[in-house]
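# Coordinate analysis (summary)
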Amino acid sequence: MQSRMTLGCGAGVRAAPRGAERANGGARAVVRARRAMARVVKTFAAEHELDAMYMGGRAERDEQTLTLEIGTSRVTLARGKIGLQANGAVMATEGETIVYSTACASRDCTGDGSFVPLTVNYAERFSAAGRTSGGYKKRDGGLRENETLKARLVDRPIRPMMYKGWGYETQILQWVMSYDGTRSTDALAITAASAALAVSDIPLKKPVVGVRVGLAPGSNEPIINPTAEQMKTSRLDLVLAGTDEAVLMIEGFCDFLTTDEMLLAIEKGHEAVAKACKEIDVWAAAVGKPKMMEKLIVAPDGIDEEVEALVGEDLTKAIVIPIKQERGAAIGGIRERAVAALSEKYKSSDVINACGKIESRALRDAIRTNGRRQDGRTTSMIRPIACEAGLLPRTHGSSLFTRGETQAIGVATLGGKGDAQRQDDVEAGEDKRFMLHYFFPPSSVGETGRTGGASRREVGHGNLAERALNPVLPSEADFPFVTRLESTITESNGSSSMATVCAGTLALLDAGVPIKRKVAGIAMGLILGSEASGGGDKLDPIVLTDILGSEDALGDMDFKVAGDKDGITAFQMDIKVEGITIDVMRTALQEAQTGLVHILGEMEKCNPAPAGAMSKYAPQVGSIPVAEKYFGKVIGKGGETIRSIIEQTKVDSIDVDKETQIVTVTGGAGSDVGAALEYIKNLIAEPEIGKIYRDCVVKKVVEFGAFVEYMPGQEGLCHISELDVARVPNASDVVTEGQTIDVKLVEVNSRGQTRLSRKEVLLEENPELAAAAAASRRDGNSSDDSSESREGGGRGGRGGRGGGGRGGGQRRDSGGF
C-alpha cells in the first residue's frame, strides 16, 4: 500500500499505516520545506518594503532634447537620461553619429583665478564604426594625433567663454560612440562640449557652437556642414566656432582662396552659429542647473591700486625693453619685489595677477600712444629675416630660417611608398604621403622641461604648417616620393609655426621637390581697446603684423595666415574676447598678405640658395604599371620573386598597389632601381616571336641542347642544332650552366613550349658567317647521293631535325619539339 502525504498551511502530516519509519522521514522533509517557504515569503516582503523606502534615483529617466538645424545637417542634443553624476552630460546626435560629452569640476579649488584649469579629452571608439584597430594594441584609449587635434579644436573656443576667477579643475571628456561616416565629428564635438557646460552648474558666459564650411568647385556659395563626400572636392575646409555675437575660433585650409572668398565663408558660417547658440541658451536656461557663480575668485579690494602705486611705473618701463630675455628678467624681478612688499596683506597669486593687468595695459598704451611696440617696430613692420639652405650635408634637404628671435631648422626627407603614414582612425582616411613633424624643445625659450613624445602644442602647430604646405606639393604621378618634413624650433618669440612654413618651403626646394609655388607664413595680432582710464572698447582696433610672444599673450587675437600674394593656403585664429568684426578680419588679412609678400622676397635672398635638385643621398623611386593578372608573377610564391629582385638589385622595397595596379620600387644609394624595374618589365612581358633576347642565363645543359631563361621566370629550349652555325657534337662544348647567351625566340607551340635559337642570332649579326654558312649549304647540295646517305641525310647530318646525329645513327631527344 502506498504512503500518502498532504501539505497545507497549518495542516498536520498523516502517514499510511505501513512504513512508519519512512513516513517519519518524509514528515521531517515536509517540515523543512515549509520552513524554507516561510523564509522566502519573509524575504520577498522585506524587499518590497525596501523598494518603498529607496531614494537613490529612478532607473527610468526623463530626457530633455533640443533639435538644431545647422546648415545641411540636423543636430539633436539630449540630457537627463545618461551620465547624471557628472556636472553636465549631453548626447549629441547628427545622423547616426553620436558624441557623448561630459563636463566635471573638482570639489576643491586648485587655481588662483589667473588661468582657467580646463582640460579637454576627445576619443574615438573604433566600435563606433563597427571596426577594430588595425594596430598591435586593440584596446581603445591610446592617444592618436587626430584625437589631439580635435581636442584642441574644442578647447580653443570654449576657454575664452570660461570666467576669469574660476579656479576649479574642469575636465571635458568626449567619446564618439557611433559614427556613420557622413560628416567629420570635430564641429559636432565643439557643440556637444559647449552644451554639456551650458546645462551644468559650471559658470559659462555663453554657449558656443561649431560648424564646418566648404566651398564647391565653381561655386561662390559656402556650404554649411557639408558631407564627407562634398569635402572631397571642396576648395575650402573651414572649422568655425563662436557665440551668438562673435566668432571665437577659425581654422581652415584652402587652395589659394582670395580674402573675399574666405571672409564670405566666415560670415555665412557665423550666421548658422549665432542662430544655434540662441536656441541652446534658451534650452539650457530651462533644463540646466543654476551656475556656481559664488565660487568665482574675486581679487581683494584695493590690491590693484596698491600694486600700481608700488611698481606700476617700473612695470611700464620694463614692458618695452626690446630684448626678450632682458625684458623677462626685469619683469620677474619687479614682480618678486611687489610680492615681498605686500606678502603680509595679500597672497602672492593676487599680487602677480595685479601685475599682469598693469603689464597688459602698459603694452596697449605704449602702442596706442607711441605707435611703437616692445622691440621698437611700428604696427606693420616685420622683424629682420635671414635664410640659408643646405645647412645639414647628409640630409636630403635642409634650411635655417630666422626672423628676429624666432628660428627654425627645416629638414626634408624623401622616401618610398612604404614610408607613408598609415591612418588608423574611425574615418579610415588614405595613407599620408606628406607629413610635417614639429619639435618645440624647452631650450628654445631658455627653459628646462619634459622631452619625448609630442605635446599637444607640437601636434597642433605641426598640423597647421603641414596643411599650409600641402597645396603646393606635386602630385604622386609627378613626384612619386613620400615626403617628410621636420621643423626643430631653436629659438621662439612669436609664431614658430609660421616660421616652420617658411623653413619647410626652403627645405623642400633644397631637396629637389618640384613644389608648385612658394608659400610663407605670418602671425597677426590685435589690440581692441585700452584698459587706461577713458579708453575701453570705444577705441579703434589696432592690427599688429608679425607679433611677439608677449603680444600674443597680452593681446586680443592670434591670427596665423599662410600663402602668397595671390591667395591663402591655411589660417588659424584664436580670439580671446568677443567683438571682432568681419571688417577687422578683412584688415588683418589684407595686412597679412602684404607681410607675406615681404617675407617671400626675403626668402628669395636665401644664401646659400636651395639646391633645387635631389641629393646624392636621396632614394631613387620608380614605378611601372602592372595588370592584375601578373601580380602573382611579380610577387611570387610567398613573396619569393620580390625578395629575389631586392637581393639582386639591392633596392629597399617593392610595393604592389592592387588598387592602382602600380608597382613602386624604392632604393637608396648603391641600389639599382632601373634594373629592378627592367626585371619586372620583362617578368610581365609577353614573348615575341622573332625578338632577340640578350644576356639570357643557361639554366640547364642536356644531351639534346640547353634550357635558357630568356625572360624572368620563362625558359625555352635551344636545341643542339640551334646552338651554333657549325655542327655541335655535344651541347656542353658550346654552353655551360650559368653562362649568358643571346637567343632569338623562334617558335611557341600549341602546348606553350618555346623554341630558341642562338644560331639565328649569330647568322643575323655576323654577315661573313652567314655567307660562309650559305656557301657550305651550296656545297652540300652538290654532293652525290651516296655521300648524302653516308652523312645521314641533309640537316640531319648535323644533328638537326632530319636524321639522328652522325651517319643517321641514334636520334637525340628533341625535348618536345
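Because the structure is a prediction, the values reported are computed rather than measured.

We now examine unusual backbone geometry. Between N607 and P608 the backbone carries a cis peptide bond, its omega angle lying at 0 degrees. Its location among the elements puts P608 in the loop between helix 12 (582–603) and strand 20 (620–625). Non-glycine residue K650 carries a positive phi angle of around 65 degrees. Residue class for K650 comes out exposed when judged on its relative accessible area of 56%. Even without a glycine there, the phi angle at Q661 is positive, about 55 degrees. Structurally, Q661 can be placed in the loop between strand 21 (653–657) and strand 22 (662–667). Taking the relative accessible area as the measure of exposure, Q661 reaches 29% and is therefore partly exposed.

Here the focus is the packing of helix 2 (residues 145–158) against helix 3 (residues 186–198). To describe two helices that pack against each other, one gives the angle between their axes and the distance between the axes. The N-to-C vectors of helix 2 and helix 3 enclose an angle of 45 degrees; their axes lie 9 Å apart at closest approach. Between helix 2 and helix 3, the crossing angle belongs to the class labelled oblique. In this structure, helix 2 meets helix 3 at a crossing whose hand is right-handed. Contacts from K150, L153, V154, P157 and I158 of helix 2 reach helix 3 at D186, A189, I190, A193, S194 and L197. Among the residues making up the contact of helix 2 with helix 3, the classes are represented as 8 nonpolar, 1 polar and 2 charged.

Bringing the side chain of Q407 into the picture now. With respect to the element layout, Q407 can be found in strand 13 (residues 406–415). Overall, Q407 belongs to the buried group, its relative accessible area being 15%. A polar contact of 2.9 Å, which involves the side chain of Q407, links it to the side chain of T402. At 2.7 Å, the side chain of Q407 and the side chain of T490 are in polar contact. If sequence neighbours within four positions are ignored, Q407 has contacts with L400, F401, T402, T488, I489, T490 and E491.

Turning next to the packing of aromatic side chains. Per the stated rule, a full pass over the model turns up 6 aromatic pairs. On the basis of an interplanar angle of 20 degrees and a centroid distance of 5.5 Å, the ring pair of Y100 and W175 is categorised as stacked. Taken together, the residues Y100 in strand 4 (residues 97–109) and W175 in strand 6 (residues 168–178) connect sequence positions 75 residues apart. Taken together, a centroid distance of 5.2 Å and an interplanar angle of 70 degrees make the contact between Y693 and Y710 edge-to-face. Placement of Y693 in strand 23 (residues 692–702) and of Y710 in strand 24 (residues 705–711) is noted, with a sequence separation of 17 residues between them. Grouping residues by exposure puts Y693 and Y710 together as buried. For R394, the ring lying beneath its charged end belongs to Y617, and the centroid distance is 3.9 Å. The ring of F256 has R517 lying over it, and the distance from NZ or CZ to the ring centre is 3.5 Å.

When pLDDT drops low, the exact placement of atoms in the prediction is not to be read closely. When pLDDT is averaged along the chain, the result is 86; 88% of the residues meet or exceed 70. Segment residues 530–536 is flagged for pLDDT under 50; beyond a separation of four residues in sequence, or across chains, it makes 13 contacts in the model.

What counts as what
Residues numbered from 1 in each chain as written. Predicted model: local features only at pLDDT ≥ 70, side-chain atom pairs only at ≥ 80, totals over all residues. Heavy atoms only, no water. Helix = DSSP H or I, 4+ residues; strand = E, 2+ residues; numbered from the N terminus. Buried < 20%, exposed > 50% of the residue type's maximum accessible area, 1.4 Å probe, protein only. Axes fitted to C-alpha atoms, helices over the stretch in contact; angles between N-to-C directions. Parallel < 35°, antiparallel > 145°, perpendicular 65-115°, else oblique. Left-handed = near helix turned anticlockwise from the far one by under 90°. Contact = heavy atoms within 4.5 Å. Nonpolar A, V, L, I, M, F, W, Y, C, P; charged D, E, K, R; others polar. Polar contact = N/O pair within 3.5 Å; in protein donor to acceptor, adjacent residues only side chain to side chain. Phe/Tyr/Trp six-rings, centres within 6.5 Å; stacked < 30°, edge-to-face > 60°. Lys NZ or Arg CZ within 6 Å of the ring centre and 35° of its normal. pLDDT = per-residue confidence, 0-100.

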